Amino acid sequence: MPEESVVVNTHHEQVIYANILEKGMYLGLGCLIVTFGLYVFGVIPSAIPLAEVSKYWSQDAHSYLEAINRDFLHLDHPITGWAWTTLLRKGDFLNFLSIAILAGLTILCYLTIIPSLLKKKDTAYTLMTIVEVAVLVLAASGILVVGGH
Amino acid sequence: MFDQDKLIHTKIRNSIFRRLCLQLGMITLSLVLFCPVIATATETVTATTATASSTWWIWPVILFVVTLVMGIVAVLGGIGGAVLYVPIISGFFPFHLDFVRGAGLLVALSGALAAGPSLLRSDLANLRLAIPVALIASASAIFGSMIGLAVPTNIVQICLGITVLGIVALMFMAKKSELPDVPKADALSSALRIYGVYTEGSSGQTVNWKIHRTPVGLAIFIIIGFMAGMFGLGAGWANVPVLNLLMGAPLKISVGTSKFLLSITDTSAAWIYFNQGCVIPMIVVPSLIGIMLGSFIGVKILKKAKPAFIRWMVIGLLTFAGLKALQKGLGI
């Protein structure tokens, strides 16, 4: 029966996806708790002192980035896109690594099911999966710039 | 004698449960009542925080406690955490809406990532159904988040208020169908082979399902994805009715696939917010841990009974938060 065979095949990809998702999710959440602990208990010094953060969080994101750059970071441009990777030695920006793991997990999961879909010659789903990866990579790339409020 | 003991035990258990529900209700009610106090005290506390560096931790701790309660209420009310998170936190905490939406998306994303593996393994989330829907929703979520970050905050706040009040109306009106009647799968879903089988846990019955009205359903996901990105609300409140009532997927498949879908839709929107600097770890991490812990506690309470009144409380909370968002947006 065609329906049964599809269900079995689908289940195979779902299991591949689920396994990667589970491992990545534990890794991301674990890292997030550890990096936040290192930051909040002052084990790794932060770029913006803990006591100062509350002065800035009521401003919109654009003003916030300008203000923390002016007062603490002193970089050529406010920190957007992937620029945070240059500040990983700072406790607050180290948390971004864990967030990037969580946000990047879906891309990895999609990539892992492509070989299985190709093997089954499931053209429609292979194409949709590749396009989805492209969409997520575009979102993650930082190329898409938003004008401020 | 044995029956009498059993009866007494049941009565005690019910009484404990009622008390627990009542306490939960009181906590939520306090949350609602004290929120305006929190809001009016915001400036004072922020000023105090600015001068006394030792009190910086107050807001993250309050945030953690509030999101913990929110996590419990969300599970008992049968809704996603982010739909409560964004309107309540943006309405009553001193954080700018940009950071609340960024955190809201990460809260929804983490919840979906955590639930995803078991939903996929148990066939309650269907990858073949999710892939086309997610493609449309995640692409629209990018546009939604870019527009949401570009237009003035008060406009977003007004739209958020209207959307939240719309969700309340949807909660009132939308019916659910355990196993919708789908006489014939449509051409698109047949071509994509979107159908499946799952075992109904309560009866052990094997359920074969298929869907219909796929083109219309996919078109609606353009709007859902856009709104998810614009407001950082997650989108379970809209996913489930469309998958279940419009496209005819069984309720359990709709709920499971919807939860899994958030892990894809919210990923694209979360990256836009992340790249635009709308993520402050001091807001994101306490919220995320609070909501997740709250959800675990909520699931444990949920196993014992289905407290319908929590749903009414959620409706009340959302109405209040929606009106507060409108009030903030209109500057009244």
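On a predicted model such as this, the values are computed, not experimentally measured, just so you know.

Let's shift gears to unusual backbone geometry. Residues other than glycine seldom take positive phi values, yet A:Lys121 does so here, at roughly 55°. Judged by C-beta crowding, with 7 C-beta atoms within 10 Å, A:Lys121 ranks as exposed. In this structure, B:Arg213 is a non-glycine residue whose phi angle is positive, near 50°. The topology assignment puts B:Arg213 in the loop between β2 (206-210) and α8 (214-231).

Bringing the pairing of strand β1 (residues 195-199) of chain B into the picture now. All names here are of chain B. Of the pairings in the sheet, the one linking β1 to β2 comprises five bridges and is antiparallel in character. In the strand pairing of β2, Val 197 is matched with Asn 208. The antiparallel hairpin formed by β1 and β2 contains six residues in its connecting segment, where Gly 204 sits at a positive phi of about 75°.

Before going further, it helps to spend a moment on the interface of chain A and chain B. At the interface, 54 residues of chain A touch 60 residues of chain B. Among the secondary structure elements, those contributing two or more residues to the side of chain A that touches chain B are α1 (2-40), α2 (61-73), α3 (91-119) and α4 (123-141) of chain A. When residues in the side of chain A that touches chain B are grouped by element, the largest group, 17 residues, is from α1(A). Here the side of chain A that touches chain B is composed, by residue class, of 33 nonpolar, 14 polar and seven charged.

The next subject is the environment of A:Leu127. All names here are of chain A. Positionally, Leu 127 belongs in helix α4. Taking the number of C-beta atoms within 10 Å as the measure of exposure, Leu 127 has 12 and is therefore exposed. For the pair Leu 127 and Asp 76, spaced 51 residues apart in sequence, the C-alpha to C-alpha distance is 41 Å.

Time to look at α3(A). All names here are of chain A. Spanning 29 residues, α3 covers 44 Å between terminal C-alpha atoms, matching the ideal 42 Å at 1.5 Å per step. Within α3, the axis deviates most sharply at Gly 104, by approximately 40°. In the segment just after α3, Lys 121 is the residue with positive phi, at about 55°.

All names here are of chain A. A residue-level look at chain A finds 91% of positions with pLDDT of 70 or above and a mean pLDDT of 91. The spread of mean pLDDT over the elements of chain A runs between α1, the lowest at 82, and α4, the highest at 97. The low-confidence segment residues 1-9 (pLDDT under 50) makes six contacts with residues lying over four places distant or belonging to another chain.

On to the packing of α8(B) against helix α9 (residues 236-246) of chain B. Relative placement of two packed helices is described by the angle separating their axes and the distance separating the axes. Residue and element names in this part refer to chain B. Here α8 crosses α9 at 170°, and the two axes come no closer than 11 Å. For the element pair α8 / α9, the angle class is roughly antiparallel. Here Val 216, Gly 217, Ile 220 and Ile 224 of α8 come into contact with α9, specifically with Ala 238, Asn 239, Val 242 and Leu 246. Residue composition of the contact of α8 with α9, by class: six nonpolar, two polar and no charged.

Thresholds applied
- Residues numbered from 1 in each chain as written.
- Chains lettered and ligands numbered in written order.
- Predicted model: local features only at pLDDT ≥ 70, side-chain atom pairs only at ≥ 80, totals over all residues.
- Buried ≥ 20, exposed ≤ 12 C-beta atoms within 10 Å, placed from the backbone.
- Helix = DSSP H or I, 4+ residues; strand = E, 2+ residues; numbered from the N terminus.
- Pairing = 2+ DSSP bridges.
- Contact = placed C-beta atoms within 7 Å.
- Nonpolar A, V, L, I, M, F, W, Y, C, P; charged D, E, K, R; others polar.
- Expected span 1.5 Å × (residues − 1).
- Bend = angle between axes of the 7 residues up to and from the residue.
- pLDDT = per-residue confidence, 0-100.
- Axes fitted to C-alpha atoms, helices over the stretch in contact; angles between N-to-C directions.
- Parallel < 35°, antiparallel > 145°, perpendicular 65-115°, else oblique.

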